[in-house]
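The primary structure of each chain is shown beneath.
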Amino acid sequence: MIRLVLLLLGADFIRRNWHVLAIVGLAWGAIGVSLMIDALDGVLNFPLSLFGYLLLLESLATLWVANSGIGAQKTLRYVKGGIFLLIALLIITPFHANNMLLAMLFGAAFAIGGGLQITSALVVRFPRWRAAVAGGGVQIVLAIIFVQPYPTHYKGTVPFCLALGLIFGGWSMIWLALRTRMLPQRVSVDMLARRNSADSRPFDAGLYRGDEAMKPMLLQADGGVLGKGWKAPAAAMETSPGRQGGAGENSPQEQDGDQPAMTVHVWTPTGSAKGPARRQPVIDRYIAAVDTNGVISTGHAALEASPDLYISLYPAEEIDRSPDQFARLLRATADNDVKGRYLSDYPSEAAAWCESTEKIVFRDYSRQRLERFWRRYRQKEIYNLTYRNCSSTVAQALEAALEGVIGARDRHWFNAIRMMFTPEIWVASQIHKRAQTMAWTPGLVLDYSRALRAVVHPRPLSWTTSLQLALRQSRRLREIWRARRSYDERREP
């Protein structure tokens, strides 16, 4: 979640406020360490009951407004609200067995999550899959610690989990703040992530002023020949026509209402099927749909920014998806790379196939970052079923286009804290996490785009509006129930 928040705030925002983010991360880590010590020493000072009541209020509010979501947003809100409600009730109810039940619940969650992560890493073999396997192993070890319980005890389960979240979250904030502080001005958070994505690079490998390996990236970013020194692109940006006054890539001039909107097109598996699709919940939403004739439809995703930018990746030749080859094709390795092809525009694709099922429109985005991403990405005409398909391409392009859009609106550091409590950020981060460890699909791109749009283009007073809608719906349901009850009473002899 922290990565997504900082991505939307942008590298320029982090450069300006890196010290605040680092201090907040350090404070989170310190609180997490103190909570962990408190959970391990056998004497619990953490106000567990107060935390339980606060968690109860949070769960009830989440469940109350969950119905205002769309697609996966609604499902994830209900799941989150239900889990938080169960945990809150186990905390505040005075039964001795509740602490053990909480430990079993967290242990099962960590064991299932670790097992799924290890399985997907071994099957897909995405970049850093070995680190993902190690992370899954750590989750299983933590599950064993919760169940035993050693070195903690059952009463310290909740503080121990909070401590883990704060420590890892604080570390992420400190790492990204310090690394981004050293970035040249024209380098983005997206470049930093790509630089450290290979298995051969350590986790602390970053980009910094004077890094010779940065010159090719800066050359692509600047679109021309670099001068001597790392300040040349920044100086050029400040003095170039139309950018006087030091306006950066995320300046309001670039993101005003005059530029054409950016549209994410999604062909869902059921919507793009040639015939009536067989009903298969979850599978036909996120994986593939099978029509009555047995034809499989996996859907498609594309991104359009008028008038001349269209991102739609296909394999140059149809991939053999026979069952005996399917497990091998799932691996995100170079031997599964095939030649790809990029379509030119949406009208021709829709005419050759069908209109997109869903369209998610963004008005506020960075056209320059999107074009820079597209110039770099289209140099390789490679298609991989798992890690470089149509959906992963659109997800990466969307992130590149939205980087820094919120940080450009409000440059105050409190903007980062406020975004931490935005419900759609949590939804988008969960979707991104699952897609990265498995594979992007059109269904995941659809839900991810909707969640990001809710963050980038929020409704005024979104929580208040959602609460009002939920209250009105509850009132209508109550009136219907009373009317039915009155009708049944009148019918009784």
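Summary of the structure given here. (Residues numbered from 1 in each chain as written. Predicted model: local features only at pLDDT ≥ 70, side-chain atom pairs only at ≥ 80, totals over all residues. Heavy atoms only, no water.)

A look at the overall build of the chain
Along the backbone of the chain there are 20 helices and nine strands. The burial tally for the chain puts 46% of its 493 residues in the buried class. For the chain, restricting intrachain contacts to residue pairs at least 6 apart in sequence, the fraction spanning at least 24 positions comes to 76%. Working note: accessible area of the chain is about 25,100 Å², and carbon and sulfur atoms make up 62% of it. (Helix = DSSP H or I, 4+ residues; strand = E, 2+ residues; numbered from the N terminus. Buried < 20%, exposed > 50% of the residue type's maximum accessible area, 1.4 Å probe, protein only. Contact = heavy atoms within 4.5 Å. Areas by Shrake-Rupley, 256 points an atom, 1.4 Å probe, with all protein chains shown as cover.)

Observations regarding the packing of helix α5 (residues 97-124) against helix α7 (residues 157-181)
With their axes 9 Å apart at the nearest point, α5 and α7 run at an angle of 35 degrees to one another. Side by side, α5 and α7 meet where Asn99, Leu102, Ala103, Phe106 and Phe110 of the first sit next to Thr157, Val158, Cys161 and Leu164 of the second. Each residue belonging to the contact of α5 with α7 can be placed in one class, and the counts come to seven nonpolar, two polar and no charged. (Axes fitted to C-alpha atoms, helices over the stretch in contact; angles between N-to-C directions. Nonpolar A, V, L, I, M, F, W, Y, C, P; charged D, E, K, R; others polar.)

Quick notes on the sheet that holds strand β9 (residues 382-383)
The pairing of strands in a sheet happens through backbone hydrogen bonds and is either parallel or antiparallel. Read across the open sheet, the three strands follow the order β6-β7-β9; overall the sheet is antiparallel. Every interior strand has two partners, whereas the edge strands, β6 (313-315) and β9, have only one. In the sheet, strand β7 (residues 338-342) pairs with β9 via two bridges, with the strands oriented antiparallel. The partner of Val338 across the bridge, within β9, is Tyr383. (Pairing = 2+ DSSP bridges.)

A word on the packing of α5 against helix α6 (residues 129-147)
The N-to-C vectors of α5 and α6 enclose an angle of 160 degrees; their axes lie 8 Å apart at closest approach. Classed by the angle they form, the pair α5 and α6 counts as roughly antiparallel. When you trace α5 past α6, the crossing you get is left-handed. Of the residues in the contact of α5 with α6, the class split is 16 nonpolar, nine polar and no charged. (Parallel < 35°, antiparallel > 145°, perpendicular 65-115°, else oblique. Left-handed = near helix turned anticlockwise from the far one by under 90°.)

A look at the nonpolar core
Generally speaking, a soluble globular protein has its nonpolar side chains buried in company with each other. Judged by nonpolar contacts, the single largest core of 61 residues is most densely connected at Leu370 and Leu402. When residues no more than four places from it in sequence are discounted, the contact partners of Leu370 are Met262, Leu303, Ala305, Leu309, Ile311, Tyr365, Ala397 and Ala401. One finds Phe46, Ile87, Phe110 and Cys161 within the second-largest nonpolar core, a separate group that totals 24 residues. (Core = buried A, V, L, I, M, F, W, Y, C linked by side-chain atoms within 4.5 Å.)

Digging into the pairing of strand β1 (residues 262-267)
Most of β1 sits inside the fold, with six of its six residues counted as buried. Where burial is concerned, the two faces of β1 agree: the one with Met262, Val264 and Val266 and the one with Thr263, His265 and Trp267 are both buried. The pairing of β1 with strand β4 (residues 300-305) spans six bridges and is antiparallel. Note on β4: the bridge partner recorded for Met262 is Ala305. Sheet topology note: the β1/strand β8 (residues 358-362) ladder contains five bridges and is antiparallel. Note that in β8 the partner of Val264 across the bridge is Ile360.

This is a description of form; function is not addressed.
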